[in-house]
Amino acid sequence: MLIIAIDGPAGSGKSSTAKALAKRLKLPYIDTGAMYRVVTLKAMQDGIPFTDKKRLMKIARKSRIEFRTAYRTASRGERDAVRQLVYLDSQDVTEAIRTPELTKNVFHIAQEPLIRREMVKKQRVMGLKQGGVMEGRDIGTVVFPDAPFKFYFDAQPKLRALRRYRELRAAGEQVTQAKVLRDILKRDRTDLTRKNSPLKPAKDAVVLDTSSLTIDQTVDRIIAHIGAKPLRDRRLGTE
Ligand code: CDP
Ligand code: CDP
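The structure reproduced in this document is the subject of the present report. All of these numbers come straight from a predicted model, not from anything done at the bench. (Residues numbered from 1 in each chain as written. Chains lettered and ligands numbered in written order. Predicted model: local features only at pLDDT ≥ 70, side-chain atom pairs only at ≥ 80, totals over all residues. Heavy atoms only, no water.)

Despite not being glycine, aspartate 89 has its phi angle at roughly 45°, a positive value. Examined against the element boundaries, aspartate 89 turns out to sit in the loop between β4 (79-88) and β5 (91-92). Here serine 197, not a glycine, exhibits a phi torsion of approximately 45°, which is positive. (Helix = DSSP H or I, 4+ residues; strand = E, 2+ residues; numbered from the N terminus.)

Neighbouring ligand 2 are 14 residues; Gly11, Ser15, Ser16, Arg164 and Leu213 lie closest to it. The separation between an oxygen atom of ligand 2 and a polar main-chain atom of glycine 11 is 2.8 Å. For ligand 2, an oxygen atom lies 3.0 Å from a polar atom in the backbone of glycine 13. Taking 540 Å² as the accessible area of ligand 2 by itself, protein coverage stands at 79%. Put simply, the parts of the chain that give the shell around ligand 2 at least two residues each are α1 (14-25) and α7 (157-170). Residues that form the shell around ligand 2 fall into these classes: four nonpolar, six polar and four charged. (Near = heavy atom within 4 Å. Polar contact = N/O pair within 3.5 Å; in protein donor to acceptor, adjacent residues only side chain to side chain. Areas by Shrake-Rupley, 256 points an atom, 1.4 Å probe, with all protein chains shown as cover. Nonpolar A, V, L, I, M, F, W, Y, C, P; charged D, E, K, R; others polar.)

The following block contains the structure:
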């Protein structure tokens, strides 16, 4: 199974690059952050306190998290993937999992070792099905430590915040740039310092600073790197 692992902090360009890369390589795109977001949403919807680990664990185990692709029929009748949708128990939660309020609460879920174990299990099943470009915080270190290709993205915090600010404004959120920067720095801290699966580059990851790269340029760099490896090395567990 071909797994390409991409890890890094918020706003470093993981999702947009992973999506574009998956499209070029005709591989599934797997957004693991969305999965932690879905469990957070369910906990908030059901009014479960973030201290009630037992009930949180139960929803993590029971929630059916799915990724579906929305297609548009292009000119020659070919299907063109336009958007990835996230479903929780057959309900489209693509937009609901991206609000700043929810984003602030994800760490409660992401710091729980048993919940992480459950998510990692689901992620491995998804990855082993058809391979994929998988992005998150612990893909190269924990989920697929044998992945043949691992990338760790980074970018200057101010730039990451500016990217996220533009995105939130475009989605109609009333936020300021300063607030988005504060939130990103806070999230960096919790992601980098948590006890369970903290954010860090895998020893064998290629580190890419995306500050002055466009999404296309980042995809090109990855493809150039992958192309440089012999074909027989491309599958999981063959290194
Ligand atoms: O898109 P953004 O970088 O803002 O965040 P995300 O990838 O949607 O992830 C949301 C949160 O989930 C992150 O702040 C991490 O704390 C957590 N996460 C994680 O712990 N492990 C992963 N593999 C992916 C996300
Ligand atoms: O997934 P992650 O939080 O790492 O970042 P993202 O969601 O892929 O990127 C955040 C925003 O920055 C998106 O609106 C991207 O279009 C933009 N971006 C960019 O302008 N240049 C890049 N090289 C990467 C992302």
